[in-house]
Amino acid sequence: MPKGTITLESIETLSILDEHGHVDEKLLPKLTPEELLKAYRFMLFGRRLDEQAMRYQRQGRIGTFGPNIGQEAAQVGSAMALADQDWFIPSFRELGVWLWRGLSTQAYFMGHMGFEDASTNLKGAGNLPMAVPVATQCCHAAGIAWGIKIDKKKAAAVVYFGDGATSEGSFHEALNFCGTMHLPAVFFCQNNQWAISTPLKKQTASGSLAQKAVAYGVKGVQVDGNDVFAVYVAAQEALERARNGKGATLIEALTFRKSVHTTADDPTVYRTIEEERLWESKDPLSRFKKYLESKNFLNEKKNHELEEKIAQEIKQGYEKAEEFRNSNPDPLSYFDYVYERMPAYLQWQKETAQSQCMGRNMIKGATEAAVAGSGAAAVGQLEEAAD
Ligand SMILES: Cc1ncc(C[n+]2csc(CCOP(=O)(O)OP(=O)(O)O)c2C)c(N)n1
Ligand SMILES: [Mg+2]
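Residues numbered from 1 in each chain as written. Chains lettered and ligands numbered in written order. Predicted model: local features only at pLDDT ≥ 70, side-chain atom pairs only at ≥ 80, totals over all residues.

**Structural notes on the pairing of strand β3 (residues 157-162)**
A large share of β3 lies buried, amounting to six of its six residues. Residues Ala157, Val159 and Phe161 of β3 are buried on one face, and the alternating residues Val158, Tyr160 and Gly162, pointing to the opposite face, are buried as well. Bridge count for strand β2 (residues 87-89) against β3 is three bridges, and the pairing is parallel. Bridge pairing in β3 links Phe88 to Val158. Inspection of the sheet shows β3 paired to strand β4 (residues 185-191) by six bridges, in the parallel sense. Across the sheet, the residue bridging to Val158 is Val186, located in β4. Crossover handedness for the path β3 to helix α6 (residues 169-181) to β4: right-handed. (Buried ≥ 20, exposed ≤ 12 C-beta atoms within 10 Å, placed from the backbone. Helix = DSSP H or I, 4+ residues; strand = E, 2+ residues; numbered from the N terminus. Pairing = 2+ DSSP bridges. Right-handed = clockwise from strand over helix to strand, strands pointing away.)

Here is the structure:
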């Protein structure tokens, strides 16, 4: 066999809105001013919600979470392209997509207070719960995409994951399966440059993450993930391809995790201020705001009003979530959402946990009674708890 070369498919790149707010008119998608302002509102809402949630977390009012700050264009831009019939298969950092898909602020806070009841907010829609085990959701997406194909539905399964996830087996297995079976899936990688403290250059020797698509026979695209227009166009094209039986796409959205990995992380110990400054100048929200102002769709007064409305909505959402917590909801309800019919072993676990909770509540009641000065009541409650 003579020497030859295998020509690999090239990878498209896309950028429409630059960091100064200037656009490439030829590539600009057709969106009305209302649609543009809606996108901006969701991006701003996601950022402010994360900022406020961070304060609540520091005050001990909610549990840990991974902020989406800096990734708003990647999230809202892709969410805008999703249709109701498409499946949203998230990792743990997709606040913008959740909000776009209808998650209420109250449900968001309830979820971070640990109440499964929050999940019922979006019951019935094609949204999977958050997946913390890195990349496992890629396999769920492959299964869903296969189901869509078998049912001959005009829909797609869209899975979100990070740069770190591309080093996991699940990502490769799922991409291979979707390529081989020609499935309607969109693999949306938010390359935010870091996987906790592991930088991209220690994650892969590839020149891009998008090019990993080539090996699996699916289309690969790399977009400026801080450019809401480029993300929207790339996601829309990938979704159309999937829904029309043309197979899967891997989109790499180049972005930056501006904040902490989660509330338990401190990035100052592993990354430089210079890197953060560089990405600050590429911020997705400020470039979109500049564009909207240049078109007179937005001005400082309108923006201020929007900020006030958002702050109010976040406050009200939190207050409703706290009301729910104070209404003594069943802390064991999370057992109820795993299976349609609870298996015996889980029923047993629930009952065991229930009796332990009751014991703890009685001890808590006794402590409160003791603090309030009612010694007899405290002793009575402690005896009951010991029984
Ligand atoms: C299978 C597995 N391994 C390790 C972890 C711990 N962990 C949680 S998030 C994370 C990094 C993920 O990085 P990336 O995929 O880039 O997503 P990002 O957090 O940047 O959004 C790791 C290693 C985990 N949750 N699951
Ligand atoms: Mg990452």
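**What about the site of ligand 1?**
Around ligand 1 sit 15 residues, and of these Val134, Gly162, Gly164, Ala165 and Ala195 come closest. Elements supplying a minimum of two residues to the shell around ligand 1: β3 and β5 (194-195). Here the shell around ligand 1 is built from residues that sort into eight nonpolar, four polar and three charged. (Near = placed C-beta within 6 Å. Nonpolar A, V, L, I, M, F, W, Y, C, P; charged D, E, K, R; others polar.)

**Re the domain arrangement of the protein chain**
Once the domains are mapped, the protein chain shows domain 1 (12-326) and domain 2 (334-386). Centre-to-centre separation of domain 1 and domain 2, based on C-alpha positions: 40 Å. (Domains from an automatic or database assignment.)

**Re the sheet that holds strand β7 (residues 219-224)**
Read across the sheet, six strands follow the order β1-β7-β8-β4-β3-β2 without closing on themselves; strand pairing throughout is parallel. Each edge of the open sheet is held by one strand with a lone partner, namely β1 (12-14) and β2. The average angle at which neighbouring strand axes cross in this sheet is 20°, direction not considered. Inspection of the sheet shows β4 paired to strand β8 (residues 249-254) by six bridges, in the parallel sense. For Cys189, the partnering residue across the bridge sits in β8 and is Glu252. Here helix α5 (residues 136-150) sits on the sheet in contact with β2, β3 and β4, set at roughly 170° to β3. (Axes fitted to C-alpha atoms, helices over the stretch in contact; angles between N-to-C directions. Contact = placed C-beta atoms within 7 Å.)

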